Amino acid sequence: MSSPLSHELIESIERLVGPAGLVRDPELMQGYLTDWRNAYQGLAALVVRPASTEALAAVVRLCHDAGVALVPQGGNTGLCGGSIPDASGRQVVLSLSRMKRIREIDLANETITVEAGVILQHLQEAASQAGRLFPLSLGAEGSCTVGGNLATNAGGTAVLRYGNMRELTLGLEVVLPDGRIWNGLRGLRKDNTGYDLKHLFIGSEGTLGIITAAVLKLFPATHSTATAWVALPSAQAAVDLIGHVRSLCADRLTGFEMMSRQSLAFVLEHVAGCSDPLDTPHPWYALIELRDTVPDAPLTQLLESGLSHAFEQGWVIDAVIASSQAQAAALWALREGISEAQNHEGPSLKHDISVPVSRIPEFIERTDRALQQDFPGVRIVSYGHMGDGNLHYNISKPVGHGDAPFKAQERAIMQVIYRMTSAFNGSISAEHGLGQAKPAAAAQFKDPLEIELMRAIKRTLDPAGLMNPGKVFASGLE
Ligand code: FAD
Ligand code: 2HG
Ligand code: ZN
């Protein structure tokens, strides 16, 4: 098939990035055209992999002048199709995978400057080798990139203590849609010289520019950990428990993940090597992690004392405290395995919502009831970052049902869940972003004035609408 791009344009791009920076072979392109779940497929005229900010900026300028749309891509682990081109075959995927240098570690400033293609796990390792912690942690950390983390304002399992990617960022370098380079790589904790532009690009999902590097915060390394797997009678018990553990442990509480029995059941069925840490099934579970910078801090005793009060209150039915790092890792594998496990059960309708922590139990109770009434037998896999009020309220088809009739109900199911989220003054996308999955829902459920302001920003920075069209906004600029 001939390319929709002119020979001259392709040759000019090749001169900038070299043969290693172009992917044109349809088979090799495949990995860039579908996402981690195989939920979204696209086509592309070309995949370009520049190795430096200057080369990337020059490619962006050429594409801008030729009116070619760009789709930035990092590790391609996003869960709403943000990094996948459309079906036209005219867009260019701009992969950051060759931009993976750690540019600088400034220990006295507690910062690390990295390129956008650095894999999150490599960043964590670099911080650790420098005797520090980079705290962002999520299931896809072995493949997702800093650029993708920034573009989606990624969260994960340590937000409770350290915040989202937004809170971990001090400066950015961004290639603007017309190819200009904004060097905002300032490692400053205080800077009130007008609007804080980095926050426009963080969470913008590649629709305002290409993030090429960032200055990120480092934290003291932690040297003591305690991890518990706890069985709970209800979601309300999780709210009571987290309040108690937080007041007892303060900042040492690093993670508090909650999951339903259905979530665990899928993991036990589909993820090799996993087993139930407790003898009998329970309605809900929490995975609690405490960390301290002090070696040999008495975290296990602290956890035991918190749990013993919780037993007395009836918030906890049973619990296991990990006695080794391997056991703690096995408990985390139960939590991190949920996404993969649910994929084995056919389409997973993902709803990544947030409501105030205090209202999670009521949200679950009312939404479960409404869904079972309208769609009897659907399997509700609710779990997530309880301390952030962020639930992955994911739905699998009823046992024995086909994929196609279930998929046909996707929109109706989504409406039930998002209407309820809205009634709780929550967010329909707490963590993963809008991508191509949720722009219409955002237009329906977000304040129209907010959407209008967002469009005004988009028009100002990307008047030609060439940055990741069809993502965040329902149909480009229109
Ligand atoms: P991609 O998927 O490649 O891209 C994501 C979006 O960012 C796209 O819109 C893309 O165009 C844009 N983008 C990528 N790079 C750039 C760049 N340099 N400049 C501008 N735009 C860019 N997410 C969470 O927040 N918390 C979790 O706990 C979590 N757990 C996950 C667990 C699993 C098993 C999986 C598969 C995913 C999980 N995710 C989670 C989602 C995903 O990993 C994150 O959104 C991650 O930050 C995406 O990074 P990426 O490099 O893969 O980005
Ligand atoms: C998690 O918390 C991720 O495990 C993925 O955000 C959630 O697969 C999902 O829906
Ligand atoms: Zn999550």
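Scroll up for the structure.
In this text, all values refer to a predicted model and were calculated from it rather than measured experimentally. (Residues numbered from 1 in each chain as written. Chains lettered and ligands numbered in written order. Predicted model: local features only at pLDDT ≥ 70, side-chain atom pairs only at ≥ 80, totals over all residues. Heavy atoms only, no water.)

Re the environment of W182
Move 1: By the element assignment, W182 lies in strand β9 (residues 181-184).
Move 2: Between the alpha carbons of W182 and E336 there is a distance of 37 Å; along the sequence they are 154 residues apart.
Move 3: Excluding anything up to four places from it in sequence, W182 contacts L172, E173, V174, L197, K198 and F201. (Helix = DSSP H or I, 4+ residues; strand = E, 2+ residues; numbered from the N terminus. Contact = heavy atoms within 4.5 Å.)

Let's talk about the site of ligand 1
Move 1: With respect to spatial proximity, 35 residues lie near ligand 1, and among them P72, G74, T77, G78 and T145 are the closest.
Move 2: A distance of 3.3 Å separates a nitrogen atom of ligand 1 from a polar backbone atom of G156.
Move 3: Between ligand 1 and the protein, one listed contact pairs a nitrogen atom with a side-chain N or O atom of E431 at 3.1 Å.
Move 4: When ligand 1 sits alone it has 970 Å² of accessible area, and the protein chains cover 96% of it.
Move 5: Contributing elements (two or more residues each) for the shell around ligand 1: β3 (70-73), α5 (146-151) and β10 (210-217).
Move 6: Counting residues per element, the shell around ligand 1 draws most heavily on α5, which supplies 4 residues.
Move 7: The residue makeup of the shell around ligand 1, split by class, is 12 nonpolar, 21 polar and 2 charged. (Near = heavy atom within 4 Å. Polar contact = N/O pair within 3.5 Å; in protein donor to acceptor, adjacent residues only side chain to side chain. Areas by Shrake-Rupley, 256 points an atom, 1.4 Å probe, with all protein chains shown as cover. Nonpolar A, V, L, I, M, F, W, Y, C, P; charged D, E, K, R; others polar.)

Digging into the packing of aromatic side chains
Move 1: Counted according to the given criterion, the structure contains 6 aromatic pairs.
Move 2: Seen in terms of ring centroids, Y418 and F445 are 5.9 Å apart; in terms of plane orientation they differ by 80 degrees. Their pairing is edge-to-face. Placement of the pair is Y418 in helix α15 (residues 410-423) and F445 in helix α16 (residues 439-445), with a sequence separation of 27 residues. Each member of the pair Y418 and F445 is classed as buried. (Phe/Tyr/Trp six-rings, centres within 6.5 Å; stacked < 30°, edge-to-face > 60°. Buried < 20%, exposed > 50% of the residue type's maximum accessible area, 1.4 Å probe, protein only.)

Considering the pairing of strand β12 (residues 224-232)
Move 1: Of all 9 residues in β12, 8 are buried, a share of seventy percent or more.
Move 2: Strand direction decides the pairing type here: β12 and strand β14 (residues 284-292), joined by 9 bridges, are antiparallel. Across the sheet, residue T227 finds its bridge partner in β14, namely E289.
Move 3: Note that β12 and strand β15 (residues 318-321) share 4 bridges and pair antiparallel. Residue pairing in the sheet places A231 in a bridge with D318 of β15. (Pairing = 2+ DSSP bridges.)

All quantities given are derived from atomic positions and should not be read as evidence of function.
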